[in-house]
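The chain contents come next:
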Amino acid sequence: MKKQLNNNLVDRFSRQIKLKNIGVTGQKKIISSKVLVVGAGGLGCPVIDYLTRSGIGEIGIVDYDKVNLSNLHRQTFYNFNDVGKYKVSIIKKKIKKINPEIKVKTSNTKLVKANLKKILSKYDLIVEGSDNFKTKFLLNDYCLKEKKFLVMGAISKFDGHIFTFDFKNKKNPCLRCFFQSNPPSDNLNNCEADGVMGTTAGIVGNIQANEILKKILNIGQNLNGYILILNLLDLSFRKVKINKNKICMCNK
């Protein structure tokens, strides 16, 4: 059931509602939506921040880490006083201050095969912001099976990558079509080893949030079947098509 917009909500989201691609009808869609974000770090923070501010009705957050001092230059929900505390407990309080009407569900746990269905089953829109292939493949396989919409991101140095998979269309590829086997390192882009510019995380995370909002509103062109590659040092952006692999599991 779509929520009615009272005067307070109309005023709060007036700049979005004025857009001809959104309007009151689109804002109701946003408020009625549920999104799960896996990872409350460099990518998860801007995703959660802007989805919260857009008016998402319910947001789920999965993360088992505590805030580290080295997180603060790019993970914008945390400050020095949060170091040593669990991220999900901090972020829940802060986003409720931004949007008191949002429903927040947090899971202070590591996402594994055993708890995947319990955590993900009620969400059709999934954002992935982890830093390891194990989690990425786990989400890819589950979302493929359950036909969910998945937006993945990765960052390192000045570089970013965004994948979008709409698994309701059987003709679309999956992550395993792009990576035929697990890479030598478990980390897709290792910020700890390679370093990362804080702004890179913000830009990539915001694009991920934008992909989710476009899907909710059914507007524009998404990245489904492509990878968006960003080099922010040279300010170059490339869209590369992911060809569906005939022997991939997504063809079964």
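Residues numbered from 1 in each chain as written. Predicted model: local features only at pLDDT ≥ 70, side-chain atom pairs only at ≥ 80, totals over all residues. Heavy atoms only, no water.

A. Region of the structure containing the sheet that holds strand β3 (residues 103-107). The mixed open sheet is built from eight strands, whose spatial order is β3-β2-β1-β4-β5-β6-β7-β8. The open sheet has two edge strands, β3 and β8 (236-241), and neither has a second partner. Geometrically, the sheet is characterised by an average inter-axis angle of 15 degrees between neighbouring strands, direction not taken into account. Across five bridges, the pairing between strand β6 (residues 159-166) and strand β7 (residues 226-231) is antiparallel. Bridge pairing in β7 places D159 opposite N231. In the packing of helix α10 (residues 198-217) onto the sheet, the strands contacted are β1 (34-38), β4 (125-128), β5 (149-156), β6 and β7, and the crossing angle to β5 comes to about 170 degrees. (Pairing = 2+ DSSP bridges. Helix = DSSP H or I, 4+ residues; strand = E, 2+ residues; numbered from the N terminus. Axes fitted to C-alpha atoms, helices over the stretch in contact; angles between N-to-C directions. Contact = heavy atoms within 4.5 Å.)

B. Looking closely at unusual backbone geometry. If you check the backbone angles, K147 has positive phi at about 60 degrees while not being a glycine. Along the chain, K147 falls in the loop between α7 (133-146) and β5. If you check the backbone angles, N218 has positive phi at about 55 degrees while not being a glycine. Within the secondary structure, N218 sits in the loop between α10 and β7.

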